[in-house]
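Read off the chains here:
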Amino acid sequence: ALGFIGFFFGDITGNLGWNLGNDFRDRDVGLWTGVMITHVTLVDIDLGANRIGDDGACVVADAIKGSSLIKRVGLRNNKIGSRGAIALAYALEARPRMECLELDFNKIDDDGILTISKVLRNLTSGVEIPLSANKFNHGGVIALSEAFKGNHKLQHLELQFTSVGCGA
């Protein structure tokens, strides 16, 4: 038995998405990655508001690398830390045409943000990565600002509810 509720949705162009919510955990992620990789029109996966941690994020990262059409992956409001964020950053680097990787409301600290920033600085296309309400501090914000200074294709940054003070 799977610990989630999911449904497919489509838009007027025939692109399909998959919205999964409720109690989806690391152990459940591998069950759908084959569908994500092989489904020829799947472009949008929403895994927000689950209990996905670093192990599940690493599985998602591998699936992103293996998919040719995925444009958006929603992972907001999970339990992803820096190890998962680093894997997702490298997946984004391997798939520079992704448009959005939602990572807000997770547990990503400065280590994860430093890798995300490095990848963002070198991307050749713009991407939206909401990062509000994570665990990074001043060093993470500095790294993100350097990425934005170094890559003018980046145009959107969300840092709401982040513990960032002056100094430190």
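Quick note: structure is the one above.
This report concerns the structure included in the present document. The shown structure was predicted, so the numbers you read here are calculated from the model rather than taken from an experiment. (Residues numbered from 1 in each chain as written. Predicted model: local features only at pLDDT ≥ 70, side-chain atom pairs only at ≥ 80, totals over all residues. Heavy atoms only, no water.)

A few points about unusual backbone geometry
Item 1. Phi is positive for Phe105, which is not a glycine, with a value near 60°.
Item 2. As for its placement among the helices and strands, Phe105 is situated in the loop between strand 5 (100-102) and helix 4 (110-122).
Item 3. Residue Phe105 is classed as partly exposed on the basis of its relative accessible area, which comes to 37%.
Item 4. Even without being glycine, Ala133 reaches a positive phi, approximately 55°. (Helix = DSSP H or I, 4+ residues; strand = E, 2+ residues; numbered from the N terminus. Buried < 20%, exposed > 50% of the residue type's maximum accessible area, 1.4 Å probe, protein only.)

Points about the pattern of salt bridges
Item 1. As enumerated under the stated definition, the model contains six salt bridges in all.
Item 2. One salt bridge in this structure joins Glu102 and Arg72, with 3.0 Å as the shortest N-O distance. Of this pair, Glu102 sits in strand 5 while Arg72 is found in strand 4 (residues 72-74), placing the two residues 30 residues apart along the sequence.
Item 3. Note on Glu102: relative accessible area 8%, which makes it buried.
Item 4. In this structure, Asp104 engages Arg76 in a salt bridge whose closest nitrogen and oxygen atoms are separated by 2.7 Å. In this pair, Asp104 sits in the loop between strand 5 and helix 4 while Arg76 sits in the loop between strand 4 and helix 3 (82-94), placing the two residues 28 residues apart along the sequence.
Item 5. Among the residues examined, Arg76 registers a relative accessible area of 32% and is labelled partly exposed.
Item 6. By sharing partners, the salt bridges in this structure join Asp44, Arg72, Arg76, Glu102 and Asp104 into a single network. (Salt bridge = Lys/Arg side-chain N within 4 Å of Asp/Glu carboxyl O.)

Brief notes about empty space enclosed by the protein
The gaps left among the atoms become clear once a water-sized probe is rolled over them.
Item 1. Using the criterion set out here, one finds one cavity of 30 Å³ or more in the structure.
Item 2. Approximately 30 Å³ is the volume attributed to the largest cavity.
Item 3. Taken together, the residues of the lining of the largest cavity break down into seven nonpolar, one polar and no charged. (1 Å grid on protein atoms, 1.4 Å probe; cavity = no way out; pocket = protein on both sides within 12 Å on 5 of 7 lines; lining within 4 Å. Points joined across faces, edges and corners; volume = space filled by probe spheres on them. Nonpolar A, V, L, I, M, F, W, Y, C, P; charged D, E, K, R; others polar.)

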